[in-house]
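Listed here are the chains, written in short residue letters.
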Amino acid sequence: MARLSVLIADGNPVIRAGLAAILGAAGDVEVTAQAADGREALSLTRRHAPDVVLLDVRMPGVDGISALPHLVQLAPVLMLTYSREAEIVREALLLGAGGYLVHGEFTADELVRAVYDAPLGRPHFTPTAASALLAELRASSHPQRDVAQSSERMHNSVVFGLSSREVEIMDLIASGMSNQQIAATCFISEKTVKNHINRIFAKLRSATRSEAIARWLGTARPGVTGHG
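The model shown is predicted, which means the values in this text are computed figures rather than measured ones.

1. A word on the confidence of the model for the chain
Right, on to step 1. For the chain, the mean per-residue pLDDT works out to 84, and 85% of the residues sit at or above 70.
Right, on to step 2. Across the chain, the secondary-structure element scoring lowest on mean pLDDT is helix α7 (residues 143-160), at 60, and the one scoring highest is strand β3 (residues 52-55), at 96.

Here's what the structure looks like:
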């Protein structure tokens, strides 16, 4: 099999190094360039013409979704990210991504196989991405309800005064994740997760996870508050 050239675009240098090590161990994959944001990814893709681009969603400066429509004009793009929201999965695919892998849901061999298959037009999806896509397709049959739910969450983030990180963590709590899973997803320690959750519960005036989820999703009765 001919050597395959890969460009890795991720804002976290530790993740870039880890991916490069995994792919380098495959023997016939060469990581020709690494980028820290979408702008650099576009510049390096033009310079190196890789066979595949591995692209994160959230990066400083130009993010992956913004860079994606430009990158797919130059090379096959495989999303490789912690972002698991259904709307992001859908948008990435609509913009031309050839697959969507969520960190923590694939083995080294599965990553290598996805990289091999990307230039051949064979998409790969990890379970969360596949489920998110399916949920998004189902929700499209109820567009008014879907828009209403998104609007409700945005409204709640403003009303409760949650930061962008707290919104992200609250969404993960609502999806049923444990503190350990949230820590792995957000690349932070469990202690930091607990600190975020304490602040979130205080802002939502909730004492338990279920109560916080109810208030966040807009299902709590008006005037009902927690006990601490």
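On we go from here.
2. Some thoughts on the pattern of salt bridges
Right, on to step 1. For the coordinates displayed, the defined rule picks out eight salt bridges.
Right, on to step 2. With its nearest N and O atoms 3.9 Å apart, the salt bridge here joins Arg58 to Glu168. Taken as a pair, Arg58 in the loop between β3 and α3 (64-71) and Glu168 in helix α8 (residues 164-174) lie far apart in primary sequence, 110 residues in all.
Right, on to step 3. In this structure Arg58 comes out as partly exposed when scored by relative accessible area, which is 41%.
Right, on to step 4. Relative accessible area serves as the criterion here: at 21%, Glu168 is assigned to the partly exposed category.
Right, on to step 5. A salt bridge links Glu168 to Arg165, with the nearest nitrogen and oxygen atoms 3.0 Å apart. One end of the pair, Glu168, and the other, Arg165, are both in helix α8, three residues apart, so they sit about a helical turn from each other.

3. Some details on the sheet that holds strand β4 (residues 77-81)
Right, on to step 1. Spatially, β2-β1-β3-β4-β5-β6 is the arrangement adopted by the six strands of the open sheet, whose pairing is parallel. The open sheet has two edge strands with one neighbour each: β2 (29-35) and β6 (124-125).
Right, on to step 2. With six bridges joining them, strand β1 (residues 4-9) and β2 adopt parallel strand pairing. The partner of Ile8 across the bridge, within β2, is Gln34.

4. Quick look at the pairing of β1
Sheet faces and side chains relate simply in a regular strand, where the side chains alternate between the two faces.
Right, on to step 1. The element β1 is largely enclosed, with a buried count of six among its six residues.
Right, on to step 2. Running through helix α1 (residues 13-24), the crossover from β1 to the neighbouring parallel element β2 is right-handed.
Right, on to step 3. In the sheet, β1 pairs with β3 via four bridges, with the strands oriented parallel. Bridge pairing links Val6 to Val52 in β3.

5. Here's the deal with unusual backbone geometry
Right, on to step 1. The residue Ala49 is not glycine, and still its phi comes out positive at about 50°.
Right, on to step 2. Position of Ala49 relative to the elements: it lies in the loop between α2 (38-48) and β3.
Right, on to step 3. Residue class for Ala49 comes out exposed when judged on its relative accessible area of 54%.
Right, on to step 4. Positive phi, normally seen in glycine, also occurs at Arg205, with a value near 50°.
Right, on to step 5. Secondary-structure assignment places Arg205 in the loop between α10 (190-204) and α11 (209-216).

6. Points about the environment of His48
Right, on to step 1. Residue position: His48 is located in helix α2.
Right, on to step 2. Taking the C-alpha atoms as reference points, His48 and Thr32, separated by 16 residues in sequence, lie 7.1 Å from one another.
Right, on to step 3. In contact with His48, not counting residues within four places along its chain, are Thr32 and Ala33.

7. A word on the side chain of Arg84
Right, on to step 1. Residue placement: Arg84 occurs in the loop between β4 and α4 (86-94).
Right, on to step 2. Given a relative accessible area of 18%, Arg84 falls into the buried group.
Right, on to step 3. Apart from residues lying up to four places away in sequence, Arg84 is in contact with Val89, Tyr100, Val102, His103, Glu105, Thr128, Ala132, Leu172, Met177 and Thr185.

Rules used in this analysis
Residues numbered from 1 in each chain as written. Predicted model: local features only at pLDDT ≥ 70, side-chain atom pairs only at ≥ 80, totals over all residues. Heavy atoms only, no water. pLDDT = per-residue confidence, 0-100. Helix = DSSP H or I, 4+ residues; strand = E, 2+ residues; numbered from the N terminus. Salt bridge = Lys/Arg side-chain N within 4 Å of Asp/Glu carboxyl O. Buried < 20%, exposed > 50% of the residue type's maximum accessible area, 1.4 Å probe, protein only. Pairing = 2+ DSSP bridges. Right-handed = clockwise from strand over helix to strand, strands pointing away. Contact = heavy atoms within 4.5 Å.

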